[in-house]
Amino acid sequence: MSESARPSLESVFREEHGRLLATLVRRYADLDLAEEAASDAIEAALEHWPVDGVPEKPGAWLLTTARRRAVDRLRRDQVYAARLAILQVEQDRTGPSPAADATGREFPDERLQLFFACAHPALHADDRVAITLRCLANLTTSEVARAFVIPSATAGQRISRAKKKIREARIPFRVPEPDELPARLPGVLQVVYSIFTEGYSASSGEDLIRGDLADEAVRLGRILHRLLPQEREAAGLLALMLSTHARRHARTDACGNIIMLDEQDRGLWDLDMIAEGADLVVEALTGGAPGPYAVQAAISALHDEAATAQDTDWPQIVELFGVLESIAPSPIVSVNRSAAVAMCRGPAAGLQMLDDLSNVALLQNYSPYFAARGDLQHRLCRYTEAAQSFRRAFELAGSAPERAYFQRRAESAESSRAAGCE
């Protein structure tokens, strides 16, 4: 394959994989068979497209090929055929579930249909999110692990456990009824936000941002908001993604180096996206106790509102992080709150909060924790400790821009120490 052809093929596969798999799962009601058929189709495309060219309708080509490969597998594999026959009998008995939203309109996205289907209550909450991210959102196992801040082996176990449960319990891949959607929404929101997070700050590779994933997450967020307009957390998630994604063009320089929030050119921020996000924040916060996405969106909106970094309303951000800790407590929220406290009360106060978290197992492999420590230690002129923290952040970072940034910060701290500033 020529180098010029590769980006085109990769972009097509990224665009079509989730839709292809979702269609196959709906057709055959078997995730393993759907995955194998999709993989066969992509392998066939890698063989033929570099020679024949990308077809005018690549999705249709892949689907036709995948269906043929699925049929071939069923003919060869009596276990598959027997399982499919059982599932077909059950489907005939219960009747098809209409692919419609809460207003009776056609469900607007094949992948989102399967996101809701995989949010089945028979699966453990973490397992159903993991399998949706891996199989339907097409994240790698290591990217799924990053979403949960767990080792890749643990993420793999969750995915395998979910597949086994689906197979043994014969969990149907059907669009939930309208009255089932709200109960399954939190898991779907988590999946969409995990896709966005991986897109906004990639866990591996040469680029900090994977714009295709971030854009796809925003698109799915818009669909969810239209699908369930009465669900305030759907509005909150969309607001959070928009207010964050609005800064994407200012996050790196021409060489791909990271530019931190306080140093970004705010003239590059997307004002229309910020305004849309701000309106959604009001919607998400109106009508009762806020949910975690609404609170995070409010925090992000405060950053967007500030004309300069110095104008940021840090006291209000600290208060909002306190609210977030009360409704969705986690060590990661506490790390973020410590950074806001440092801006309000000084680096020593923030570092003390981080010290109090030093024995939390989840944070031992979480690079932002060590990056936050390094930054506050550097501001306190504790350069030896700062260099050690940034080195640890470097070791844990996934993408090349993050590693390069932590390397520069560690070298800066070491230079200050060598100059006798400590």
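Please read all numbers here as calculations on a predicted model, not as lab measurements.

Rules and cut-offs
Residues numbered from 1 in each chain as written. Predicted model: local features only at pLDDT ≥ 70, side-chain atom pairs only at ≥ 80, totals over all residues. Heavy atoms only, no water. Helix = DSSP H or I, 4+ residues; strand = E, 2+ residues; numbered from the N terminus. Buried < 20%, exposed > 50% of the residue type's maximum accessible area, 1.4 Å probe, protein only. Contact = heavy atoms within 4.5 Å. Areas by Shrake-Rupley, 256 points an atom, 1.4 Å probe, with all protein chains shown as cover. Core = buried A, V, L, I, M, F, W, Y, C linked by side-chain atoms within 4.5 Å. Salt bridge = Lys/Arg side-chain N within 4 Å of Asp/Glu carboxyl O. Expected span 1.5 Å × (residues − 1). Bend = angle between axes of the 7 residues up to and from the residue. Axes fitted to C-alpha atoms, helices over the stretch in contact; angles between N-to-C directions. Parallel < 35°, antiparallel > 145°, perpendicular 65-115°, else oblique. Left-handed = near helix turned anticlockwise from the far one by under 90°. Nonpolar A, V, L, I, M, F, W, Y, C, P; charged D, E, K, R; others polar. Phe/Tyr/Trp six-rings, centres within 6.5 Å; stacked < 30°, edge-to-face > 60°. Lys NZ or Arg CZ within 6 Å of the ring centre and 35° of its normal.

**Regarding the overall build of the protein chain**
Helix and strand content of the protein chain: 19 helices and 0 strands. Within the protein chain, buried positions represent 47% of all 422 residues. Long-range contacts, defined as pairs at least 24 residues apart, comprise 64% of the intrachain contacts of the protein chain with a sequence gap of at least 6. Approximately 19,700 Å² of the protein chain is accessible, and the part contributed by carbon and sulfur atoms is 51%.

**Notes on the nonpolar core**
Core analysis: the biggest nonpolar cluster contains 99 residues, and Leu-24, Phe-115, Phe-116, Leu-133, Val-192 and Leu-224 have the highest contact counts within it. Judged by nonpolar contacts, the second largest core, of 23 residues, contains Leu-363, Tyr-369, Ala-386 and Phe-406.

**Let's talk about the pattern of salt bridges**
Scanning all chains against the criterion turns up 19 salt bridges. Of the charged contacts in the structure, one is a salt bridge between Arg-382 and Glu-385, with a shortest N-O distance of 2.8 Å. Of the residues examined, Glu-385 reaches a relative accessible area of 30% and is grouped as partly exposed.

**Quick look at helix α2 (residues 31-52)**
The first and last C-alpha atoms of α2 sit 30 Å apart over 22 residues, in line with the 32 Å expected at 1.5 Å per residue. The principal kink in α2, of about 30 degrees, is found at Leu-46, preceding the proline Pro-50 by one to four residues. Those residues of α2 lying buried are Leu-31, Asp-32, Leu-33, Ala-34, Ala-37, Ala-38, Asp-40, Ala-41, Ile-42, Ala-44, Ala-45 and Trp-49.

**Describing the packing of helix α17 (residues 367-379) against helix α18 (residues 383-396)**
The N-to-C vectors of α17 and α18 enclose an angle of 160 degrees; their axes lie 8 Å apart at closest approach. Taken as axis vectors, α17 and α18 run roughly antiparallel relative to one another. At the point where α17 passes α18, the crossing takes the left-handed sense. Two secondary-structure elements touch here, α17 through Ser-367, Phe-370, Ala-371, Arg-373, Gly-374, Asp-375, Gln-377 and His-378 and α18 through Tyr-383, Glu-385, Ala-386, Ser-389, Phe-390, Arg-392, Ala-393 and Leu-396. Taken together, the residues of the contact of α17 with α18 break down into 7 nonpolar, 5 polar and 4 charged.

**Comments concerning the packing of helix α13 (residues 292-305) against helix α14 (residues 314-327)**
Contact geometry of α13 with α14 gives a least axis separation of 9 Å together with a crossing angle of 165 degrees. In terms of axis orientation, α13 runs roughly antiparallel to α14. In this structure, the crossing between α13 and α14 has a hand that is left-handed. Packed against α13, whose contacting residues are Pro-292, Val-295, Gln-296, Ala-298, Ile-299, Leu-302 and His-303, the element α14 presents Trp-314, Gln-316, Ile-317, Leu-320, Phe-321, Val-323, Leu-324 and Ile-327 at the interface.

**Some points on helix α19 (residues 400-418)**
Taking 1.5 Å of rise per residue, the 19 residues of α19 would be expected to cover 27 Å, and the 27 Å separating its terminal C-alpha atoms lies within 8% of that figure. Regarding α19, the residues found buried are Ala-400, Pro-401, Glu-402, Tyr-405, Phe-406, Arg-409, Ala-410, Ala-413 and Ser-416. Of the surrounding secondary structure, the elements contacted by the buried residues of α19 are α17 and α18.

**Structural notes on the packing of aromatic side chains**
How two aromatic rings sit relative to each other is set out by the distance from centre to centre and by the angle between their planes. Applying the stated criterion to the full structure yields 6 aromatic pairs. Centre to centre, the rings of Trp-49 and Trp-61 are 5.2 Å apart; their planes meet at 65 degrees, and the pair counts as edge-to-face. Taken as a pair, Trp-49 in helix α2 and Trp-61 in helix α3 (residues 58-76) lie far apart in primary sequence, 12 residues in all. A relative accessible area of 3% means that Trp-49 is categorised as buried. Relative to Phe-406, the ring of Tyr-405 has its centre 5.6 Å away and its plane inclined at 65 degrees; by these criteria the two rings are edge-to-face. Exposure class is identical for Tyr-405 and Phe-406. Each is buried. Directly above the aromatic system of Tyr-200 lies the positively charged group of Arg-251, at a separation of 3.7 Å from the ring centroid. Arg-392 extends its terminal NZ or CZ atom over the ring of Phe-370, reaching a point 5.7 Å from the ring centre.

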